[in-house]
Amino acid sequence: MKRINRKKVWLAVMIAVLMLFTACGDDDTNGQDDTGSDIPDEEMGELVPDLTFLSSLPEANMVNYEMSQEVAEELQALGVNAESQPMDFAVLLDVLYGDDMDYDAYTIGWSGRIERLDPDMFIHSINHSDNAGPGGNNTNRYRNPEFDEIADAQRREMDIEARRELVFEAQRILAEDVPKITMYSRANMQTYNKDLFEDVINIPGEGLFNEWTPFSIKPLTDETVLTVASNVNIDDMNPLSSISVYGWRNLRLIYDKLVRLSPSIEPEAWAAESWDVVDDTTIDVVLRQGMTFHDGEPVTVEDVKFSYELFIDENVEYFGSFLTPIDTIEITDDNTIRFNLVEPYAPFITNTLAQIPILPMHIWENIENPVQYTNEDAIGSGPFKLERFQTGEELVLSRFDDYFEPVHIDGYIFQIFASPEGVLTALELGNVHMVSYDLVPSHTEQIENNDGGRYDHLELTEGDDIGFFYIGMNLDRAPFDNKQFRIAMAHLVDYDLALDVHLNGYGARGGGGLTIVEANEFWHNPDVPIYDTYDPERAREILAEAGFTWDSQGRMRMPVE
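Here the residue numbers are simple positions, counted from 1 along each chain's written sequence. The model is predicted, so local features are restricted to residues of pLDDT at least 70 and side-chain atom pairs to those at 80 or more, both for listing and for counting; the totals for chains, interfaces and linings are taken over all residues. Only heavy atoms go into the side-chain values, all of them from the structure, while hydrogens and water stay out.

A.B. asks: How would you explain the overall build of the protein chain if you had to name every residue and give the values?
C.D. replies: A helix here means a DSSP run of H or I that spans at least four residues, while a strand means a run of E at least two residues long, and both kinds are numbered starting from the N terminus. Along its length, the protein chain carries 17 helices and 23 strands. We compute the radius of gyration from the C-alpha atoms alone; for a globule the expected value is 2.2 Å times N to the 0.38, where N is the number of residues. The C-alpha atoms of the protein chain give a radius of gyration of 25 Å, which matches the 24 Å a tight globule of 561 residues would have. Along the longest, intermediate and shortest principal axes, the C-alpha atoms of the protein chain span 85 × 60 × 45 Å. Relative accessibility under 20% of the residue-type maximum defines a buried residue, over 50% an exposed one, and the middle range a partly exposed one, all with a 1.4 Å probe and only protein chains included. Relative to its 561 residues, the protein chain shows a buried fraction of 58%. For the protein chain, the share of sequence-separated contacts (at least 6 apart) that also reach a separation of at least 24 residues comes to 70%. Within this scheme the basic residues Lys and Arg register as positive and the acidic residues Asp and Glu register as negative, but His and the chain ends are omitted. The atom standing in for a charge is NZ when the residue is Lys, CZ when it is Arg, CG when it is Asp and CD when it is Glu. Averaging the coordinates of the 37 positive side-chain charges in the protein chain and doing the same for the 105 negative ones gives two points 3 Å apart. Throughout, a contact is declared for two residues whenever any of their heavy atoms are within 4.5 Å.

A.B. asks: Can you break down the sheet that holds strand β20 (residues 468-473) residue by residue, with the values?
C.D. replies: Pairing between two strands is assigned when DSSP locates at least 2 bridges connecting them. The six strands lie next to each other as β2-β1-β3-β20-β4-β21, forming an open sheet whose pairing is mixed. At either margin of the open sheet sits one strand with a lone partner, and together these are β2 (82-87) and β21 (507-512). Neighbouring strand axes in the sheet, compared pairwise and without regard to direction, differ in orientation by 20° on average. Sheet topology places strand β1 (residues 51-56) next to β2; six bridges connect them, and they run parallel. Within β2, the residue paired with Leu54 across the bridge is Gln85. Inter-axis angles, ranging from 0 to 180 degrees, are taken between N-to-C directions of lines fitted to C-alpha atoms, where helices are fitted over the stretch in contact. Helix-sheet contacts for helix α16 (residues 495-502) involve β4 (180-186) and β21, and the interaxial angle to β21 is about 165°.

A.B. asks: Could you give an account of the pattern of salt bridges, naming the residues involved and the relevant values?
C.D. replies: The salt bridge criterion pairs a side-chain nitrogen of Lys or Arg with a carboxyl oxygen of Asp or Glu, the two atoms within 4 Å. This model, assessed by the stated rule, comprises 31 salt bridges. Salt-bridge contacts for Arg388 lead to Glu394; the nearest nitrogen and oxygen are separated by 3.1 Å. Exposure remark for Arg388: the relative accessible area of 42% places this residue in the partly exposed category. The partner of Arg399 in a salt bridge is Asp401, and the shortest N-O contact between them spans 3.0 Å. Given the relative accessible area of 27%, Arg399 is considered partly exposed. Through salt bridges with shared partners, one network takes in Glu206, Glu211, Arg252, Asp256, Lys257 and Arg260.

A.B. asks: Account for the layout of surface pockets, with residues named and values stated.
C.D. replies: Rolled over the atoms, a probe with the dimensions of a water molecule shows which regions are left empty. Residues are called lining when one of their atoms sits within 4 Å of a cavity or pocket point, these points coming from a 1 Å grid over the protein atoms alone, where a cavity is a set in which a 1.4 Å probe fits but cannot get out and a pocket is an open set with protein on both sides within 12 Å along at least five of seven lines. Grid points are joined across faces, edges and corners, and a volume is the space filled by probe spheres set on the points. What the largest pocket holds in volume is close to 780 Å³. Looking at the largest pocket, it is lined by 47 residues, and the ones nearest its centre are Ala60, Asn61, Arg186, Tyr246 and Phe469. Taken together, the elements giving at least two residues each to the lining of the largest pocket come down to α2 (62-77), α3 (89-97), β3 (105-110), α8 (245-254), α13 (420-429), α14 (441-449), β20 and α16. Note on residue classes: Ala, Val, Leu, Ile, Met, Phe, Trp, Tyr, Cys and Pro are nonpolar, Asp, Glu, Lys and Arg are charged, and everything else, Gly too, is polar. Counted by class, the lining of the largest pocket contains 24 nonpolar, 16 polar and seven charged residues. There is about 550 Å³ of room inside the second largest pocket. Lining the second largest pocket we find 20 residues, and of these Tyr97, Leu240, Ser241, Ile243 and Val371 sit closest to its centre. By residue class, the composition of the lining of the second largest pocket is nine nonpolar, five polar and six charged.

A.B. asks: Give me the lowdown on the packing of helix α15 (residues 483-490) against helix α17 (residues 536-545), citing residues and values where you can.
C.D. replies: At their nearest, the axes of α15 and α17 sit 8 Å apart, and the two run at 175° to each other. Comparing their axes, α17 and α15 come out roughly antiparallel. Residue-level contacts link Gln484, Phe485, Ile487 and Ala488 of α15 to Ala539, Ile542 and Leu543 of α17. Of the residues in the contact of α15 with α17, the class split is six nonpolar, one polar and no charged. Angle categories: roughly parallel below 35 degrees, roughly antiparallel above 145, roughly perpendicular from 65 to 115, and oblique for all the rest.

A.B. asks: Outline the environment of Asp148, supporting the account with residue identities and numerical values.
C.D. replies: Mapped onto the secondary structure, Asp148 falls in helix α5 (residues 145-156). Along the primary structure Asp148 and Ile363 are separated by 215 residues, whereas in three dimensions their C-alpha atoms are 38 Å apart. Ignoring sequence-local partners within four residues, the contact set of Asp148 consists of Asn127, His128 and Ser129.

A.B. asks: Give a description of the side chain of Asn474 that names residues and reports values.
C.D. replies: Relative to the assigned elements, Asn474 resides in the loop between β20 and α15. Note on Asn474: relative accessible area 2%, which makes it buried. Here the side chain of Asn474 touches Tyr103 through a polar contact of 2.9 Å, landing on its backbone oxygen. Each polar contact in these results corresponds to two N or O atoms within 3.5 Å; when the atoms are within protein, one needs to be able to donate a hydrogen and the other to accept it, and residues that are neighboring in sequence are counted only if both atoms are side-chain atoms. Here the side chain of Asn474 touches Asp476 through a polar contact of 3.0 Å, landing on its backbone nitrogen. For Asn474, the contacting residues outside a window of four places in its chain are Met101, Tyr103, Asp104, Asn140, Arg141 and Phe480.

A.B. asks: Which residues make up the packing of aromatic side chains, and what are the values?
C.D. replies: Classification of ring pairs rests on two measures: the distance between centres of Phe, Tyr or Trp rings, Trp counted by its six-membered ring, which must be within 6.5 Å, and the angle between planes, read as stacked under 30 degrees, edge-to-face over 60 and tilted in between. According to the stated counting rule, one finds 26 aromatic pairs in the structure shown. A centroid spacing of 5.8 Å and a plane angle of 75° characterise the contact between Phe480 and Phe485, whose relative ring orientation is edge-to-face. Residues Phe480 and Phe485 agree in their burial class; the two are buried. Judged by centre distance (4.9 Å) and plane angle (90°), the ring pair of Phe522 and Trp523 falls under edge-to-face. For Phe522, a relative accessible area of 30% puts it in the partly exposed group.

Structure below.
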């Protein structure tokens, strides 16, 4: 609390100073005014534009909500008209990925899904200029030709140590340019009902409800349907348009992929029986025999070729980075698909083959506009069949008995709650059996304290997370197109407040320009200096050095062109 008090004192002082400037009126523009500037207002640059920080609703992510408010207040104290605007998560995604790209800044996060241990996602997909258009994952609209060259080179490099050096260099450039400000990473603090289920694994970055859960978890009673709680809605059931982790955690259990990454991060042939790297640009994949879709139709090599080509033809930007290396796809025999690459792509097995779902061609080839298709009766070949989906309420799936890998539960219900408090109550009452997201810190402590034995039936688990939560900035807009402004912004984020107060210590600090967090030990560059110090006075100094000024009313103005 000491840090909060210091911040409040500082903010009070700044607000008082601003009020004093305002009280002095508009006429003090000749000679030196109360801001200490000797530049008349009319000779200063344009006012820094009003800024809106989009964020999650507090029920969905309290930390992002609070940090968004904090940063807006810090900017207000510096003379910028800034506000925080919370909204539903699905709406936030629509804004960030929409054609208009109409936003200033936002708080959001990238989950640490297992395939993201490979650095390509956090280096190329979210930062390369090729992905800075509508629908692309580079929602900061960051463009730097020098960085692009390094980001491309690390994909082509097949020697892992040489690739690591390139990834380190890419992190150095990002730390210098600060296209986003990482605020924190969360620990995967999650829980499940140990009286009803056993053999539940908390995978780093994935948590308890991961794609291996159906194959490991075992019921201990006659309760054989797992109920999983979420406090965030599922965006949709269409693999070509779903862009949230909440949707994909379910879609990957309805649809199959050629490769799955094991809990120890090893690629395992899954819908593929095997693969063969013929040379650096040619990969042959042998399809597992005997698989069927949920409607009884066989899974064929034609379905695989069709699926990959559909994602490419429909320009599904969410997977754009992983599909652009593909030149052509051939069927070489009844059971083999050949991928011809434009150039070597080091993470092709772990990224591309492990992420693209196999769709039934006999259904999707007849759909006029696949991206807009609601897919209400989703048919896949994964371990679970869709029974029903009611947005905002629940998703119900049953076991696909013809699946080649045994599943120990009869199905699961993905139940959506309006708030974390509702989830905690349901956990206590035994109405849900597992959470699909990280517990809020106060709920973790309640379960740990276990007053009166209310949570005796719950097992609390913890895992590292390679994902992160950050402040994104639209670099196509002023003032975020000014690097010094972004660096100053990094000094307005109280990283200790996020970790020690909002997360109660369950996580890790962030920093301006931090992209691959320390938990991803092999790929994290520990020698890159990042901006991870909360220092509003230094922020003002950086802005002044960059030519920003404050007028007679204390309002911040852009540097003069």
